[in-house]
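Residues per chain are reported as follows:
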Amino acid sequence: MKKWNPLLILFLLFIFYWIILFIVAITVDSQHAGGEQYFLTIFAKGIDLSPIIGTILLGVICLIYKEWTIRHKLLSIILLIFLLVASTFLLFFNHS
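Residues numbered from 1 in each chain as written. Predicted model: local features only at pLDDT ≥ 70, side-chain atom pairs only at ≥ 80, totals over all residues. Heavy atoms only, no water.

Chemist: Would you mind showing me how to read the overall build of the protein chain here?
Modeler: Broken down by element type, the protein chain carries four helices and zero strands. Put simply, the protein chain runs from its N terminus to its C terminus through helices and strands in the order α-α-α-α. The C-alpha atoms of the protein chain give 16 Å as radius of gyration, which overshoots the globular expectation for 96 residues (12 Å, by more than 25%). Summarising its shape, the C-alpha atoms of the protein chain cover approximately 50 × 40 × 15 Å along the three principal directions. Carbon and sulfur atoms provide 77% of the accessible area of the protein chain, an area that totals close to 7,100 Å². Computing the positive centroid from 6 side-chain charges and the negative centroid from 4, the protein chain places the two 24 Å apart. (Helix = DSSP H or I, 4+ residues; strand = E, 2+ residues; numbered from the N terminus. Rg over C-alpha atoms; globule rule 2.2 N^0.38 Å. Areas by Shrake-Rupley, 256 points an atom, 1.4 Å probe, with all protein chains shown as cover. Lys, Arg positive; Asp, Glu negative; His and termini not counted. Charge placed at Lys NZ, Arg CZ, Asp CG, Glu CD.)

Right, dumping it as structure tokens:
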């Protein structure tokens, strides 16, 4: 079996999250009259949760690919800090 690059897997899983979010938003939009508000609400909540989902995905990738994480400690730490800062901003400082 070919070994995949963990960053590629993280990127593909994150893209998969956005595809699922878009499909769910379209499905709910088509089920309700005046569904634009549901579509935008689901999409806005998806944006709010994306750093948390990214942090969870990064944690899973780091657990699965331990040897890669040990070799690239600095990159893993930088990604984790970026995701934590983004989630902190979206959860506490984004009051729109």
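Now, onward.
Chemist: When you look at the environment of Phe-11 in this model, what are you seeing that I'm missing?
Modeler: Inspection of the secondary structure assignment puts Phe-11 in helix α1 (residues 6-31). Judged by relative accessible area, which is 51%, Phe-11 ranks as exposed. Taking the C-alpha atoms as reference, Phe-11 lies 9.8 Å from Leu-58; in sequence the two are 47 residues apart. (Buried < 20%, exposed > 50% of the residue type's maximum accessible area, 1.4 Å probe, protein only.)

Chemist: When you look at the layout of surface pockets in this model, what are you seeing that I'm missing?
Modeler: If a probe the size of a water molecule is rolled over the atoms, the empty space left behind becomes visible. By volume, the largest pocket amounts to about 190 Å³. Those elements giving two or more residues to the lining of the largest pocket turn out to be α1, α2 (36-64) and α4 (73-93). In terms of residue count, α1 provides more of the lining of the largest pocket than any other element does, four residues in total. Residue composition of the lining of the largest pocket, grouped by class: eight nonpolar, one polar and no charged. (1 Å grid on protein atoms, 1.4 Å probe; cavity = no way out; pocket = protein on both sides within 12 Å on 5 of 7 lines; lining within 4 Å. Points joined across faces, edges and corners; volume = space filled by probe spheres on them. Nonpolar A, V, L, I, M, F, W, Y, C, P; charged D, E, K, R; others polar.)

Chemist: How do you make sense of the packing of α1 against α2 when you look at a structure like this?
Modeler: Helix-helix packing: each pair is described by the crossing angle between the helix axes and the interaxial distance. In contact at an axis separation of 9 Å, α1 and α2 are set at 160° when each is read in the N-to-C sense. The angle between the axes of α1 and α2 places the two elements in the roughly antiparallel class. Remark: the crossing between α1 and α2 carries right-handed chirality. Split into classes, the residues belonging to the contact of α1 with α2 amount to 23 nonpolar, three polar and two charged. (Axes fitted to C-alpha atoms, helices over the stretch in contact; angles between N-to-C directions. Parallel < 35°, antiparallel > 145°, perpendicular 65-115°, else oblique. Left-handed = near helix turned anticlockwise from the far one by under 90°.)

Chemist: Before we go on, may I ask you to explain the packing of α2 against α4 in this structure?
Modeler: Where α2 meets α4, the closest approach of the two axes is 8 Å, and the angle between their N-to-C directions is 155°. Compared by their axis directions, α2 and α4 come out roughly antiparallel. For the pair α2 and α4, the sense of crossing is left-handed. For the pair α2 and α4, the contacting residues are Ile-47, Asp-48, Pro-51, Ile-52, Gly-54, Thr-55, Leu-58 and Cys-62 in the first and Ser-76, Leu-79, Leu-80, Leu-83, Leu-84, Ala-86, Ser-87, Leu-90 and Leu-91 in the second. Of the residues contributing to the contact of α2 with α4, the split by class is twelve nonpolar, four polar and one charged. (Contact = heavy atoms within 4.5 Å.)

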